[in-house]
Amino acid sequence: MRNPDWMQSIQKKMVCMHEKLGESVPWYSTEGCYKEAAEDFWVSGFWPGMLWIMYDMTGKDFYKDAAWQWDGRLEGCFVRESNMHHDVGFQFLPTAVIKYKLTGDREAKRRGLFAANFLAGRFNPAGGFLRAWNQNKTGWSIIDSTMNLSLLFWAAEESGDARFFHTAKIHADTVLKYFIRPDGSVNHIVVFDPVSGEMQKSLGGQGYDSNSSWSRGQAWAIYGMANVCRYTGERRFLDAAKRVAHYFLANLEACGLPCWDFRVPNREQEPLDSSAAAIAACGLLEIAEMTSDDDGFYRKAAVRMINCLTEQCSVLDDPEYQGLLLHGTGNKPAEEQVDVPLIYGDYFYLEALARLDGWRNKIF
Ligand code: GLY
């Protein structure tokens, strides 16, 4: 065990959470209890991802045993009626792919590659984008997908099939062209004509409106673009990650954390989103790993953000309380999951703490 301060608290908490959660998929927490989501919902990989990080850091079989069955469960969603879509990256990278990396399990590898094929099948060649959601949203693409690209890059390496690589890189170039604005702010949803591939409009989605700047979307762009540079070696993606990072850092509240949308009116009266901070911190650490000439700027910014989260949002001293981070905001326009712990905030906070403590494996 490396850093007793946070590791011991989190270990106690995760043991309690495992006992209480049982088989359920944690999503957001109210009054210290996690609400359950459906297995096909985009958040279903985060709890197992936390278990795999803890297994990798501690070597304790408890975490491995608790995480083991998740990729098989999620695979079941493909063979029954369900709403699986582009977020298979969020679901299979922290389950099947990390399980394969840590244990060599061949079934986990097969499931990861299956999910990558499913994701690649959502590519629209006319517009050069991965389709996000289902129903009639055939031309919709969203910034969150940037994080799912790592599943395709991993599949390209694992299978030797360059189609996965090209698909991910073409989508990433579409993100550069249509999602990331010159000032470093980001569109949440871009709608393309699915036949011609022409961009039609951008939508506010989980942000305040179409010209605003949803902070979690910014965070997905920082971390996602940094990952694309890691896989492709192409500098333009790192430059984009930095541009969004600078915008993000310049727009933090006085407390050092982000509001849920950087351009919402009367921002000082609006809720924070701790999950955006945790994701951005991981992205900043990823940028820092690839950047040798910036005097530690990105790492220092990440450490500051994590310290702010620990001081203002973390619940590390109560093992019975489900959730590591208070003050997450899931969907403010819908008034859903406002000012609560979110499982993805917890996951990325744990990932950031682990990375600062020397954890070198990658999930995303
Ligand atoms: N991927 C959905 C969200 O960030 O809320």
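Structural notes, computed from the coordinates. In this text the structure is predicted, and so the values were computed from the model without any measurement.

### Let's talk about the site of the ligand
Around the ligand, the surrounding shell consists of Trp42, Asp144, Gln206, Trp214, Arg216 and Trp220. Aspartate 144 places a side-chain nitrogen or oxygen 2.6 Å from a nitrogen atom of the ligand. A distance of 2.9 Å is found between an oxygen atom of the ligand and a side-chain nitrogen or oxygen belonging to tryptophan 220. When the free accessible area of the ligand is taken as 200 Å², the share hidden by the protein chains comes to 94%. Split by residue class, the shell around the ligand holds three nonpolar, one polar and two charged.

### Thoughts on unusual backbone geometry
Non-glycine residue glutamate 31 carries a positive phi angle of around 50°. With respect to the helices and strands, the residue glutamate 31 is situated in the loop between strand S1 (25-30) and strand S2 (33-37). For histidine 327, which is not glycine, the phi dihedral falls at a positive 65°. Within the element layout of this structure, histidine 327 appears in the loop between helix H12 (297-312) and strand S8 (328-331).

### Structural notes on the packing of aromatic side chains
Within the structure shown, the criterion is met by 32 aromatic pairs. Ring centres of tryptophan 133 and tryptophan 140 lie 6.1 Å apart, and the angle between their planes is 55°; on these two criteria the pair is classed as tilted. Judged by its relative accessible area of 22%, tryptophan 140 is partly exposed. Following the ring pairs from residue to residue traces out a cluster consisting of Trp42, Phe46, Phe90, Trp220, Tyr223, Tyr344, Tyr347, Phe348 and Phe364. Cation over ring: arginine 163 sits above phenylalanine 164, and NZ or CZ is 5.7 Å from the ring centre.

The rules behind the values
- Residues numbered from 1 in each chain as written.
- Predicted model: local features only at pLDDT ≥ 70, side-chain atom pairs only at ≥ 80, totals over all residues.
- Heavy atoms only, no water.
- Near = heavy atom within 4 Å.
- Polar contact = N/O pair within 3.5 Å; in protein donor to acceptor, adjacent residues only side chain to side chain.
- Areas by Shrake-Rupley, 256 points an atom, 1.4 Å probe, with all protein chains shown as cover.
- Nonpolar A, V, L, I, M, F, W, Y, C, P; charged D, E, K, R; others polar.
- Helix = DSSP H or I, 4+ residues; strand = E, 2+ residues; numbered from the N terminus.
- Phe/Tyr/Trp six-rings, centres within 6.5 Å; stacked < 30°, edge-to-face > 60°.
- Buried < 20%, exposed > 50% of the residue type's maximum accessible area, 1.4 Å probe, protein only.
- Lys NZ or Arg CZ within 6 Å of the ring centre and 35° of its normal.

Honestly, it's all geometry; don't read function into it.
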